[in-house]
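# Structural overview for review
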Amino acid sequence: MSTATDGNVRKFDSKITFYVTLCWILAALGGLMFGYDIGISGGVTAMDGFLLKFFPTVYERKRVAYEDNYCKYDDQKLQLFTSSLYIAALVSSFVASKVCEKFGRKPTIFLASIFFLIGAGLSSGAVHIAMLIFGRIFLGFGVGFGNEAVPLFLSEIAPVEYRGAVNILFQLFVTVGILIANLVNYATEKVHPWGWRLSLGLAGVPAMGLFIGSLIIPETPTSLVERNKEEKGRKTLKKIRGVENVDPEFEQIKLACETARTVKNPFRNLLKRWSLPPLVIGVFLQMFQQFTGINAIMFYAPILFQTVGFKNDGSLLSAIITGLVNVFSTLISIYAVDKIGRRLLLLNACVIMLISQAAIGGLLMANLTATNSLPKGLAWVVVVLVCVYVCAFAWSWGPLGWLIPSETFPLETRTAGFACAVSANMFFTFVIAQAFLSMMCHMRAGIFFFFAAWIIIMGFFVLFFLPETKGVPIDEMSERVWKKHPVWKKFMDIGSDDHDRAKKTMEEMN
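Parameters at a glance
Each residue is numbered by its place in its chain's sequence as written, counting from 1. This being a predicted model, a pLDDT of at least 70 is required before a residue's local features are given, and a value of 80 or more before pairs of side-chain atoms are given or counted; all residues contribute to the totals for chains, interfaces and linings. Calculated side-chain values reflect all of the structure's heavy atoms, with hydrogen atoms and water omitted. Runs of H or I in DSSP of at least four residues are treated as helices and runs of E of at least two as strands, each being numbered from the N terminus. Exposed residues in this analysis have more than 50% of their type's maximum accessible area, buried residues have under 20%, and partly exposed residues fall in between, with area computed by a 1.4 Å probe over protein chains only. Only heavy atoms matter for contacts: two residues are in contact if any of them lie within 4.5 Å across the pair. For the accessible areas, the method is Shrake-Rupley and the probe is 1.4 Å, while residue cover comes only from the protein chains on display. Every axis corresponds to a line fitted to the C-alpha atoms, with the helix fit spanning only the stretch in contact, and the corresponding angles, defined between N-to-C directions, vary from 0 to 180 degrees. A crossing counts as left-handed when the near helix is turned anticlockwise from the far one by less than a right angle, and as right-handed when that turn is clockwise. Here the term charged refers only to Asp, Glu, Lys and Arg, the term nonpolar to Ala, Val, Leu, Ile, Met, Phe, Trp, Tyr, Cys and Pro, and the term polar to all other amino acids, Gly among them. In this scheme, roughly parallel covers angles under 35 degrees and roughly antiparallel covers those over 145, while 65 to 115 is roughly perpendicular and the rest are oblique. A helix is expected to span 1.5 Å multiplied by its residue count minus one. Among buried residues, the Ala, Val, Leu, Ile, Met, Phe, Trp, Tyr and Cys ones that are joined through side-chain atoms within 4.5 Å form a nonpolar core. Criterion for a salt bridge: a side-chain nitrogen of Lys or Arg within 4 Å of a carboxyl oxygen of Asp or Glu. Exposure above 30% relative accessible area and no salt bridge define the residues that can form patches, which grow by joining like charges within 9 Å and nonpolar side chains of Val, Leu, Ile, Met, Phe, Trp and Tyr within 5 Å. A score between 0 and 100, pLDDT records how confident the predictor is in each residue. As defined here, a cavity is a set of points on a 1 Å grid over the protein atoms alone where a 1.4 Å probe fits but cannot get out. A pocket is an open set with protein on both sides within 12 Å along at least five of seven lines, and residues line them when an atom is within 4 Å of a point. Grid points are joined across faces, edges and corners, and a volume is the space filled by probe spheres set on the points. Stacked, tilted and edge-to-face pairs are distinguished by plane angle, under 30 degrees for stacked and over 60 for edge-to-face with tilted covering the rest, among Phe, Tyr and Trp rings (Trp via its six-membered ring) whose centres lie within 6.5 Å. Any Lys NZ or Arg CZ that is within 6 Å of a ring centre and within 35 degrees of that ring's normal is treated as a charge sitting over the ring.

## Section: the overall build of the protein
Tallying secondary structure elements over the protein gives 25 helices and two strands in all. A burial count over the protein gives 61% of its 510 residues as buried. Pairs at least 24 apart in sequence give 81% of the contacts found in the protein among residues at least 6 apart. Surface summary for the protein: the accessible area is close to 18,500 Å², and the carbon and sulfur share equals 67%.

## Things to note about the packing of helix H1 (residues 18-44) against helix H6 (residues 129-157)
Between H1 and H6, the least distance of the axes is 10 Å, while the angle of their chain directions is 145°. Both H1 and H6 take part in a crossing whose hand is left-handed. Where H1 approaches H6, its residues Val20, Cys23, Trp24, Ala27, Ala28, Gly30, Met33, Phe34, Asp37, Ile40 and Ser41 are matched on the opposing element by Arg136, Leu139, Val143, Asn147, Val150, Phe153, Leu154 and Ile157. Of the residues assigned to the contact of H1 with H6, the class counts are 14 nonpolar, three polar and two charged.

## Here we look at the environment of Ile212
Topologically, Ile212 is positioned in helix H9 (residues 204-216). The sequence separation of Ile212 and Leu26 amounts to 186 residues, and the corresponding C-alpha distance is 8.3 Å.

## Things to note about the packing of helix H18 (residues 342-367) against helix H22 (residues 446-465)
The N-to-C vectors of H18 and H22 enclose an angle of 165°; their axes lie 8 Å apart at closest approach. What the angle tells us is that H18 and H22 run roughly antiparallel. Helix-helix and strand crossings are classified by hand; for H18 and H22 the assignment is left-handed. The residue makeup of the contact of H18 with H22, split by class, is 18 nonpolar, five polar and one charged.

## What about H22?
With 20 residues, H22 extends 29 Å between its outermost C-alpha atoms, agreeing within 8% with the 28 Å of an ideal straight helix rising 1.5 Å per residue. Inspection of H22 places Gly446, Ile447, Phe448, Phe451, Ala452, Ile455, Met458, Gly459, Phe461 and Val462 among the buried residues, and these make up the whole buried set.

## Observations regarding the nonpolar core
Core analysis: the largest hydrophobic core is formed by 82 residues, its most contacted members being Phe34, Phe50, Phe55, Phe81, Phe116, Leu154 and Met426. At 14 residues, the largest contribution of residues to this core is made by H1. Beyond its immediate stretch of four places on either side in the chain, Phe81 contacts Ser41, Val44, Thr45, Phe50, Phe55, Leu132, Ile133, Arg136 and Leu200. Ranked by size, the runner-up nonpolar core spans 59 residues in total, among them Leu364, Ala379, Ile447 and Phe448.

## So, the environment of Lys190
You can see Lys190 is positioned in the loop between helix H7 (163-188) and helix H8 (195-201). Lys190 sits 143 residues away from Met47 along the chain, and the two C-alpha atoms are 9.1 Å apart.

## Details of the pattern of salt bridges
If the charged atoms of two oppositely charged side chains come close together, the side chains can form a pair. Counted under the stated rule, the structure contains 14 salt bridges. Ionic pairing is found between Glu230 and Lys254, a salt bridge with its closest N-O pair at 3.8 Å. Taken as a pair, Glu230 in helix H11 (residues 230-241) and Lys254 in helix H12 (residues 247-261) lie far apart in primary sequence, 24 residues in all. Judged by its relative accessible area of 30%, Glu230 falls in the partly exposed class. One salt-bridge network, in which partners are shared between bridges, spans Arg105, Glu156, Glu226 and Arg414.

## Thoughts on a nonpolar patch on the surface
On the surface, a nonpolar cluster with roughly 470 Å² of combined accessible area is contributed by Ile456, Phe460, Leu463, Phe464 and Phe465. Classification of Phe465 by relative accessible area gives partly exposed; the value is 32%.

## Examining the side chain of Arg342
Relative to the assigned elements, Arg342 resides in helix H18. According to the relative accessible area criterion, Arg342 is buried, its value standing at 0%. Residue contacts for Arg342: discarding those within four places in its chain leaves Arg163, Gly164, Val337, Leu400, Leu403, Ile404, Glu407, Glu468, Thr469 and Lys470.

## Notes on the confidence of the model for the protein
This prediction gives the protein a mean pLDDT of 85; 88% of its residues lie at or above 70. Ranking the elements of the protein by mean pLDDT puts helix H25 (residues 497-509) last, at 48, and helix H5 (residues 105-124) first, at 97. Every residue in residues 4-9 is under pLDDT 50, and counting partners more than four places away or in other chains gives nine contacts. Within the model, pLDDT remains below 50 along residues 505-510, and this stretch shows seven contacts once partners closer than five positions in the same chain are excluded.

## Side note on empty space enclosed by the protein
Inspection of every chain in the model, using the stated rule, returns two cavities of 30 Å³ or more. Forming the boundary of the largest cavity are 15 residues, of which Glu156, Ala158, Glu249, Gln252 and Ile474 lie nearest the centre. Broken down by secondary-structure element, the contributors of at least two residues to the lining of the largest cavity are H6 and H12. Classifying every residue of the lining of the largest cavity by side-chain character gives six nonpolar, three polar and six charged.

## Considering the packing of aromatic side chains
Any pair of aromatic rings gets described here by the distance separating the centres and the angle formed by the planes. With the rule as written, the count across this model stands at 30 aromatic pairs. A ring pair is formed by Phe34 and Tyr86, whose centres lie 6.5 Å apart and whose planes are at 65°; its orientation type is edge-to-face. Of this pair, Phe34 sits in helix H1 while Tyr86 is found in helix H4 (residues 76-103), placing the two residues 52 residues apart along the sequence. The pair formed by Phe34 and Tyr86 is uniform in burial state, with each residue classed as buried. When the ring centre of Phe81 is taken as origin, the NZ or CZ atom of Arg136, which lies over that ring, is 4.8 Å away. Here the guanidinium or amino end of Lys239 rests over the ring plane of Tyr19, the centre of that ring lying 4.4 Å away.

Written out as structure tokens, the structure reads:
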């Protein structure tokens, strides 16, 4: 049998070979690089040598005996060091979309590794703040290209029954990157005054791994067929599936590519009525992912723990603990996502994150003033609550925020739609990174209630607007998901000329 049906899951013949597993891991190194960039900035911005070199006013404020716990790191230039990466990623993701479409996923990942290597060199060798920011911008270009291509690559080469787990490898490697960054910062914080250079320069290690990986991995069959390289696409599909009989799956890929060719302007078509459901879901999931407050905690975990009373090495150690929780909780998602589905994981996490954020805010509001420190017992309670929050995020909004947009767009708007999702993520990451320390200064403990309110909103969004995509082949989303959803089906009834032509092509080929 060439195909099989397991419940609602349509399966094609495939084997999990060493080669395809290696390809998944090598491509997912883009996530490792992204995670390292997220995790490294918070520890570096807490290092005295770094502050003295680039932000002397913040360094002096930090040394004051009765500094304001909530405001000692409130500096727009310091926040720009972190956030400049994400505004660069936002802009570059649209360029990456075109590169992905015209040249393929593989060369896009290759370019991401080059940008990462340049950025790591400029950042670690910076002699003035402009050079430092330029380094972050090049890292941002790498994030834009990598985050556009890697999730698409993983979704397109994964068998449908394992697509969720394989795609979550990207987020797993993000969490591993954050953990490695925290461990590096813990070690280099003691290397004064140039430990920060070591932290930033070691970003070149995962960047080199991604560079080597981009030379080994194949192009995806979908991308090859889309660019009229059908024979190569068939050979690649046989290689990654580990079987000879790939005709049913290959015909489905060809059908999707023929449909995609009828659409001449994918970005313009994203605004058509029939494209709105996956676009709205993709953009809102990325926005909500950031308004959980996760990157505020991950960027500035060492600073946050310093605020509640830990010394510098103690705060970095606490950040390592949350990093470990982040990694192991993502493994839960890999196991559960294709078994219990996307919606249940997201809704379950909303409840846990809401309780933990509100509890953190209540504890700080009641016990942390501008100049005191929390008692050690309460400080550790905050660490535990942060770990609970990170645990819930890591099995839900973290990986699924990337998985769902990568699997729901039809091929004709896939690279353009996913570029919009990536750019939305980068925009809201930029907003949070640029504003968090100032928000903490002005809102104080109320900032945790701010994020808790957003968690309530996103829970209702999932409940009423997000369809379940577990087990649905990536090229059958329109028929099996959007046209059957009580809210979104009305958008699918009225097509555009391009979409009508696409449906006609499909009917003729059938």
